[in-house]
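So the chains spell out like this:
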Amino acid sequence: MPCNCEVKVLDGRSQHLNGCGFNSALQNGTQNDENIHSGHHPHRKVYDEEETEGEDVSVDRNLVRYPDGTVRLRNPNIELMDQDILYHLALGSGSHDLVEMFGDVKFVCMGGTPKRMQEFAFTIMQEIGHKLPCGTTLHDISQFSYRYSMYKVGPVLSISHGMGIPSVGILLHEVIKLMYHARVQDPVFFRIGTCGGIGYEGGTVVISDEAVDGALKNALELTVLGKTVQRPAKLDRRLARELKSLTDPEDPYDTIIGKTMCTYDFYEGQGRLDGAFCDFTENDKMEYLESIHKSGVVNIEMESLSFAALTHHAGIKAAVICVTLLDRLKGDQVLAPKEVLDEWQTRPTKLVCRHIKRYLQMKGRLSLDGHGSIAVKSPRRFKLVQQESETYD
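Criteria and thresholds
- Residues numbered from 1 in each chain as written.
- Predicted model: local features only at pLDDT ≥ 70, side-chain atom pairs only at ≥ 80, totals over all residues.
- Heavy atoms only, no water.
- Helix = DSSP H or I, 4+ residues; strand = E, 2+ residues; numbered from the N terminus.
- Contact = heavy atoms within 4.5 Å.
- Buried < 20%, exposed > 50% of the residue type's maximum accessible area, 1.4 Å probe, protein only.
- Polar contact = N/O pair within 3.5 Å; in protein donor to acceptor, adjacent residues only side chain to side chain.
- Salt bridge = Lys/Arg side-chain N within 4 Å of Asp/Glu carboxyl O.
- pLDDT = per-residue confidence, 0-100.
- Phe/Tyr/Trp six-rings, centres within 6.5 Å; stacked < 30°, edge-to-face > 60°.
- Axes fitted to C-alpha atoms, helices over the stretch in contact; angles between N-to-C directions.
- Left-handed = near helix turned anticlockwise from the far one by under 90°.
- Nonpolar A, V, L, I, M, F, W, Y, C, P; charged D, E, K, R; others polar.
- Expected span 1.5 Å × (residues − 1).
- Core = buried A, V, L, I, M, F, W, Y, C linked by side-chain atoms within 4.5 Å.
- Pairing = 2+ DSSP bridges.

Q: Outline the overall build of the protein chain, listing residues and values.
A: When helices and strands are tallied, the protein chain shows 13 helices and 15 strands. Sequence separation of at least 24 residues holds for 75% of the intrachain contacts in the protein chain that already meet a minimum separation of 6.

Q: Can you break down the side chain of T263 residue by residue, with the values?
A: Among the structural elements, T263 can be located in the loop between β13 (255-262) and α9 (282-294). Relative accessible area serves as the criterion here: at 4%, T263 is assigned to the buried category. Here D265 takes part through its backbone oxygen, which lies 2.7 Å from a polar atom of the side chain of T263. A distance of 3.2 Å separates the side chain of T263 from the side chain of Q270, its partner in a polar contact. Residues within four places of T263 in sequence aside, it is in contact with I165, G269, Q270, I300, E301 and M302.

Q: Tell me about the pattern of salt bridges, and please be specific about residues and values.
A: Applying the stated criterion across every chain, the model contains 16 salt bridges. Linking D251 and R354 is a salt bridge whose minimum nitrogen-to-oxygen distance equals 3.1 Å. Here D251 is found in the loop between α8 (237-245) and β13, whereas its partner R354 is found in helix α12 (residues 346-363), with 103 residues between them in sequence. R354 sits in the partly exposed class, given a relative accessible area of 25%. Ionic pairing is found between D332 and K285, a salt bridge with its closest N-O pair at 2.7 Å. In this pair, D332 is assigned in the loop between β15 (317-327) and α11 (338-344) and K285 in helix α9, connecting sequence segments 47 residues apart. Taken together, the shared-partner salt bridges in this structure form one network comprising R61, R65 and D186.

Q: Summarise the confidence of the model for the protein chain; cite the residues concerned and give the values.
A: Atomic detail in the predicted coordinates should be set aside for any region of low pLDDT. Put simply, the protein chain has an average pLDDT of 85, and 78% of its residues get 70 or more. A low-confidence stretch, residues 368-373 stays under pLDDT 50, and its non-local contacts, those more than four residues away or across chains, total 20 contacts.

Q: Hey, could you go over the packing of aromatic side chains for me, with residue numbers and the actual values?
A: A ring pair, where both rings are aromatic, is described by two values, the distance of the centres and the angle of the planes. Under the defined criterion, the tally for this structure stands at 3 aromatic pairs. An angle of 20 degrees between the planes, with centres 6.3 Å apart, marks the rings of F107 and F190 as stacked. One end of the pair, F107, is in strand β6 (residues 107-111); the other, F190, is in strand β9 (residues 188-197), with 83 residues separating them in the sequence. Judged on exposure class, the residue F107 and its partner F190 are both buried. Between F107 and Y359, the aromatic rings sit 5.3 Å apart at their centres with planes inclined by 85 degrees, giving edge-to-face as the arrangement.

Q: An account of the packing of helix α6 (residues 114-128) against α12 is needed here, citing residue identities and associated values.
A: Two elements in contact, α6 and α12, have axes separated by 10 Å at closest approach and are oriented at 40 degrees. α12 is crossed by α6, and the crossing has right-handed handedness. In this structure, α6 contributes F120, T123, I124, E127 and I128 to the contact, and α12 contributes T349, V352, C353, I356, K357 and L360. A per-class count over the contact of α6 with α12 returns 7 nonpolar, 2 polar and 2 charged.

Q: I'd love a proper account of α6, names of residues and values included.
A: Turn by turn, an α-helix covers 3.6 residues, leaving residues three or four places apart pointing in a common direction. Taking 1.5 Å per residue, 15 residues should reach 21 Å; α6 reaches 21 Å between its end C-alpha atoms and fits that length. Among the residues making up α6, those that are buried are R116, M117, F120, A121, I124, M125 and I128. With its phi angle positive at about 70 degrees, G129 sits one or two positions after the end of α6.

Q: Can you explain helix α10 (residues 304-313)? Please cite residues and give values.
A: α10 sits mainly inside the fold: 9 of its 10 residues count as buried. Taken residue by residue, α10 has S304, L305, S306, F307, A308, A309, L310, T311 and H312 as its buried positions.

Q: Can you break down the nonpolar core residue by residue, with the values?
A: Membership of the largest hydrophobic core comes to 45 residues, with the highest contact counts inside it found for L91, F102, M179 and F189. Mapped onto this core, the elements with two or more residues apiece are α5 (98-102), β6, β8 (156-160), α7 (165-181), β9, α10 and β15. The leading source of residues in this core is α7, at 9 residues. Ignoring anything within four residues of it in the chain, the contact list for M179 reads V71, V105, V108, L157, V184, P187 and F189.

Q: Kindly report on the pairing of β13, identifying the contributing residues and their values.
A: With respect to burial, β13 is a largely interior element, 7 of its 8 residues being buried. Bridge count between strand β10 (residues 205-212) and β13: 7 bridges; the pairing is parallel. Bridge assignment links A211 to a residue of β13, and that residue is T260.

Q: Before we move on, could you go through the pairing of strand β12 (residues 227-232) and cite the residues and values that matter?
A: Where strand β11 (residues 219-224) meets β12, 6 bridges bridge the pair, whose relative direction is antiparallel. Its bridge partner being in β12, L222 is matched across the sheet by V229. Connecting β11 to the antiparallel partner β12 that follows it, the hairpin turn spans 2 residues, and L225 within it adopts a positive phi of roughly 55 degrees.

Shown next, in the form of structure tokens:
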């Protein structure tokens, strides 16, 4: 007997809604829960208010997860393909055993540069006590793509996403597909980066609770087949609060939660006076920055809108944690010494490490020796994927 109803979970008991035939059968004493739903897809659970606080229930979990919690793509074409080449990662579903390599991943951490994410990989390895086999070292899994860098440390992926909305968007498409092919269960994504503060001095850590564009719209606009598509740019606010709770009173800097503006440009799009072009005055700039500050914007960067929109569309819990390099109300150029900037950039990393470490401690999973080495399914396809990724303009 088919059933497409929702199941409300209250006090540990399931209650079928929408006039489900299960209720009628149960009242008639003709069926039980197991018999009536055998052979059918699981119901979408709608949990009571306490369990859903801070979560966005607008994305139907059936669209983005399989019953066991593994990632489900919102693209039926992928299942019909002989193999899926993740071109910009130099990986493929036919050439690599992605389940063996990445099946134990829980956290995907992204940042702008390969060097920063390599350093993060070494840091998280030390924090969680992950030990590499004797005679081995961390390996850039995507080295043959020459575009992004990817390191794996137990249940943590550390990936460089480049600069700007297009770069992080391309990466997210392929990493989300990677989660699908690897059958990863309920992953959590973090963007770790830098930004300009709006009313906050350099060195302040900002946890984003919302991402908006330069016009303060909370959506990513895409042109698909000639039509404008808007994707809500939502972040997990509960995760943001959890990160904020992990701040140390001894930290010699402030950590705040606020609204992040994401622009398509570093210069004109962010109201800078020092680009190659500038058609506005300093008064125009200050009026704009002060107006967005009054609207709740606390920082500006160039990736959060795409990051929030695509993770939300995929039903993936995500957070953005950045450190300010300057207060844009006081200037445009980053003037802090390099050694100061280097220390500032470790601050978001510390917060993410605390979250990951706490999670693994709760699960009893510290000191992991997990998946991660290259696992080749087809040597011929493996070579073809390498060659295809190496042929770039």
